[in-house]
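Listed below, chain by chain, are the residues.
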Number of protein chains: 2
Amino acid sequence: MDVKTARTESLPPRYRLTKQRAAVLRALEKGQHLSAETILERVRGDMPGVSLGTIYRTLDILRMSGLVQMFAFGGSAARYEAAADKHHHLLCSICRELTDVRGDVVGELATAIATDAGYSDIDVALTITGRCTDCATRR
Amino acid sequence: MDVKTARTESLPPRYRLTKQRAAVLRALEKGQHLSAETILERVRGDMPGVSLGTIYRTLDILRMSGLVQMFAFGGSAARYEAAADKHHHLLCSICRELTDVRGDVVGELATAIATDAGYSDIDVALTITGRCTDCATRR
DNA sequence: CTCTCTGCAAAGCATTTGCACATTG
DNA sequence: CAATGTGCAAATGCTTTGCAGAGAG
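Predicted model only: the values in this text are computed from it and were never measured.

*Asks:* What should I look at first to understand the layout of surface pockets in this one?
*Replies:* Empty space among the atoms becomes apparent when a probe as large as a water molecule is rolled across them. Considered as a void within the structure, the second largest pocket measures approximately 280 Å³ in volume. Forming the boundary of the second largest pocket are 22 residues, of which A:Ala72, A:Ala78, B:Phe73, B:Gly74 and B:Gly75 lie nearest the centre. Broken down by element, the residue count for the lining of the second largest pocket peaks at four residues, all from helix H4 (residues 52–64) of chain A. The class makeup of the residues in the lining of the second largest pocket is 13 nonpolar, six polar and three charged.

Below is the structure:
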């Protein structure tokens, strides 16, 4: 395999911090548990013309970079938060209101459990997410 | 307001344990973290002709009765489990495989926190769900 | 005979994707 | 220019719903 081929093959993309992405990040830092739709509205404040597709694509990237945490619910839209100040949530099963829970006792415990199970890069969102031993080995 | 009117107004429905519902429950007791689609397949084993709509409607009822727990993920289909033997999950962020976590230390802690915050009917799925003080008061 | 349930098919939403063009390095 | 990002609109996929008929109490 020559150099040229290798180059064409599979380099990971180098992400750019575009103004749209910065705006999404800013919106997330200000607001709390925002939906994609809400983020769109806020971003459009300074930047009309941004599309929902871009919001979703951006959230994806930020999520994979560990900068943003996502909370999915059945039926309704997912919510996103800046991963900076980690905390958990109480979700009312009736009015669906989200309340923040500060302090990470739960997170620490959950992290310990996930670690024991061989996971790494753990992200405690209450569904314990991470990388499993297999996937960690395979790369 | 006379008796007739009251009767017509808002009695909660009395659910029946139909064969379809029993079948869904059975499927859930055997399998682990099943999607609605998978449940449909299994139920159709003994009972061809059952529809996906019925599966969802049944899952809804079972969920509200506390017999079934739901786990939602962004994008992909939600998973359901019999609420009987409570446990949590590890979700691999790459291969998306779900692994069970036995033991409910996390759950107990989370429950305590939710209780302190005034929630009741708590269901720890890792997103702490319950009824908030307002909703509990209002009815 | 009334209430509840079901299948079917048609909506409804949230999210993803294809494409042509804009932008960045 | 080569790589990456964007808007737009169409497509996808999961879930919900309306309706008319079936079944249970």
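After that view, the rundown keeps rolling.
*Asks:* Help me understand the protein's contact with DNA strand C in this model?
*Replies:* Neighbouring DNA strand C are 19 residues, the closest being A:Tyr56, B:Arg16, B:Thr18, B:Arg21 and B:Thr54. For DNA strand C, the backbone makes up 73% of the atoms found within 4 Å of the protein, where backbone means sugar plus phosphate. Here B:Gln20 contributes a side-chain N or O atom positioned 2.9 Å from a phosphate oxygen of DNA strand C. Top contributing element to the surface near DNA strand C by residue count: H4(A), with three residues. The residue inventory of the surface near DNA strand C, partitioned by class, reads seven nonpolar, five polar and seven charged.

*Asks:* Would you take a moment to explain the sheet that holds strand S3 (residues 79–82) of chain A for this structure?
*Replies:* Strand pairing in a sheet is mediated by backbone hydrogen bonds. Such pairs are either parallel or antiparallel. Strand order in the open sheet made by the three strands is S1-S3-S2 (chain A), with antiparallel pairing throughout. Two strands lie at the open edges of the sheet, namely strand S1 (34–35) and strand S2 (68–71) of chain A, each paired on one side alone.

*Asks:* Is there a simple way to think about unusual backbone geometry in this case?
*Replies:* With glycine set apart, most residues show a phi of negative sign, and most peptide bonds adopt trans. Positive phi values are uncommon outside glycine, yet A:His33 reaches one of about 25°. Residue placement: A:His33 occurs in the loop between helix H2 (19–30) and S1.

*Asks:* Is there a simple way to explain the packing of H2(A) against H4(A) in this structure?
*Replies:* When two helices pack together, their arrangement is given by the angle between the helix axes and the distance between those axes. Residues and elements named next belong to chain A. Between H2 and H4, the shortest axis-to-axis distance is 10 Å and the interhelical angle comes to 75°. Accordingly, the angle class assigned to the pair H2 and H4 is roughly perpendicular. Residues Gln 20, Arg 21, Val 24, Leu 25 and Leu 28 of H2 form the contact with H4, whose participating residues are Thr 54, Ile 55, Thr 58, Leu 59, Ile 61 and Leu 62. Split by residue class, the contact of H2 with H4 holds seven nonpolar, three polar and one charged.

*Asks:* Quick question: what am I supposed to make of the protein's contact with DNA strand D here?
*Replies:* Close to DNA strand D lie 19 residues, the nearest being A:Arg16, A:Thr18, A:Arg21, A:Thr54 and B:Tyr56. Those atoms of DNA strand D that come within 4 Å of the protein belong to sugar or phosphate at a rate of 73%. Contact between DNA strand D and A:Thr18: a phosphate oxygen at 2.7 Å from a side-chain N or O atom of the residue. A:Arg57 places a polar side-chain atom, nitrogen or oxygen, 3.0 Å from a base nitrogen of DNA strand D. Mapped onto the surface near DNA strand D, the elements with two or more residues apiece are H2 and H4 of chain A together with helix H4 (52–64) of chain B. A per-class count over the surface near DNA strand D returns seven nonpolar, five polar and seven charged.

Reading guide: rules and limits
Residues numbered from 1 in each chain as written. Chains lettered and ligands numbered in written order. Predicted model: local features only at pLDDT ≥ 70, side-chain atom pairs only at ≥ 80, totals over all residues. Heavy atoms only, no water. 1 Å grid on protein atoms, 1.4 Å probe; cavity = no way out; pocket = protein on both sides within 12 Å on 5 of 7 lines; lining within 4 Å. Points joined across faces, edges and corners; volume = space filled by probe spheres on them. Helix = DSSP H or I, 4+ residues; strand = E, 2+ residues; numbered from the N terminus. Nonpolar A, V, L, I, M, F, W, Y, C, P; charged D, E, K, R; others polar. Near = heavy atom within 4 Å. Polar contact = N/O pair within 3.5 Å; in protein donor to acceptor, adjacent residues only side chain to side chain. Pairing = 2+ DSSP bridges. Axes fitted to C-alpha atoms, helices over the stretch in contact; angles between N-to-C directions. Parallel < 35°, antiparallel > 145°, perpendicular 65-115°, else oblique. Contact = heavy atoms within 4.5 Å.

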